[in-house]
Amino acid sequence: MSKEYRETFGKVKAKKDALRKFFQRPGKVDENGQIQYTTEQHHKLECDINNIIKKYDRTGLITHVAKIEAKFG
């Protein structure tokens, strides 16, 4: 590896690390120093594909889709 390549690679890695740290979401830190993220769980059953398909089999309708047509301009 050339010196120029190592310097360029080091700069790219530093930028990636800086971006990763900048965009990192806040969360709790466990005993190992790893960040633990939390997500909302109250929509868990509504979003489960198995429950969506069971409801479709019973009713013949898929109700979780958007009611309004998407428009792109």
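For the structure, see preceding data.
Our subject in this report is the structure included herewith. This one's a predicted model, so the numbers in the text were calculated from it and none came from an experiment.

### Points about the overall build of the chain
1) Next: Across its full length, the chain carries three helices and two strands.
2) Next: Of the regular secondary structure in the chain, the N- to C-terminal order runs α-β-β-α-α.
3) Next: The C-alpha atoms of the chain give 23 Å as radius of gyration, which overshoots the globular expectation for 73 residues (11 Å, by more than 25%).
4) Next: Once the C-alpha set of the chain is aligned to its principal axes, its extents read approximately 65 × 45 × 25 Å.
5) Next: Counting only residues that meet the buried cut, the chain has 1% of its 73 residues in that class.
6) Next: Carbon and sulfur atoms make up 58% of the accessible area of the chain, which amounts to about 7,700 Å² in all.
7) Next: Averaging the positions of the 16 positive and the 10 negative side-chain charges in the chain gives two centres separated by 4 Å.

### Remarks on the pattern of salt bridges
1) Next: Summed over all chains, the structure comprises one salt bridge.
2) Next: Note that Lys 13 is salt-bridged to Asp 17, the shortest N-O span being 3.3 Å. A residue pair is termed a helical-turn pair when its members lie 3 or 4 positions apart in one helix, as Lys 13 and Asp 17 do in helix 1 (residues 3-22) at four residues.

### Some remarks on a positive patch on the surface
1) Next: A cluster of like positive charges, contributed by Lys 54, Lys 55, Arg 58 and Lys 67, occupies part of the molecular surface.
2) Next: Within the element layout of this structure, Lys 54 appears in helix 3 (residues 49-59).

### Brief notes about a nonpolar patch on the surface
1) Next: Together, Leu 19, Phe 22 and Phe 23 make up a nonpolar patch on the protein surface, roughly 390 Å² of accessible area in all.
2) Next: Positionally, Leu 19 belongs in helix 1.

### Things to note about the environment of Arg 6
1) Next: Relative to the helices and strands, Arg 6 resides in helix 1.
2) Next: A relative accessible area of 46% means that Arg 6 is categorised as partly exposed.
3) Next: A C-alpha to C-alpha distance of 48 Å links Arg 6 and Ala 70, two positions 64 residues apart in sequence.

What counts, and at which threshold
Residues numbered from 1 in each chain as written. Predicted model: local features only at pLDDT ≥ 70, side-chain atom pairs only at ≥ 80, totals over all residues. Heavy atoms only, no water. Helix = DSSP H or I, 4+ residues; strand = E, 2+ residues; numbered from the N terminus. Rg over C-alpha atoms; globule rule 2.2 N^0.38 Å. Buried < 20%, exposed > 50% of the residue type's maximum accessible area, 1.4 Å probe, protein only. Areas by Shrake-Rupley, 256 points an atom, 1.4 Å probe, with all protein chains shown as cover. Lys, Arg positive; Asp, Glu negative; His and termini not counted. Charge placed at Lys NZ, Arg CZ, Asp CG, Glu CD. Salt bridge = Lys/Arg side-chain N within 4 Å of Asp/Glu carboxyl O. Patch = residues over 30% accessible without salt bridge, like charges linked within 9 Å, V, L, I, M, F, W, Y side chains within 5 Å.

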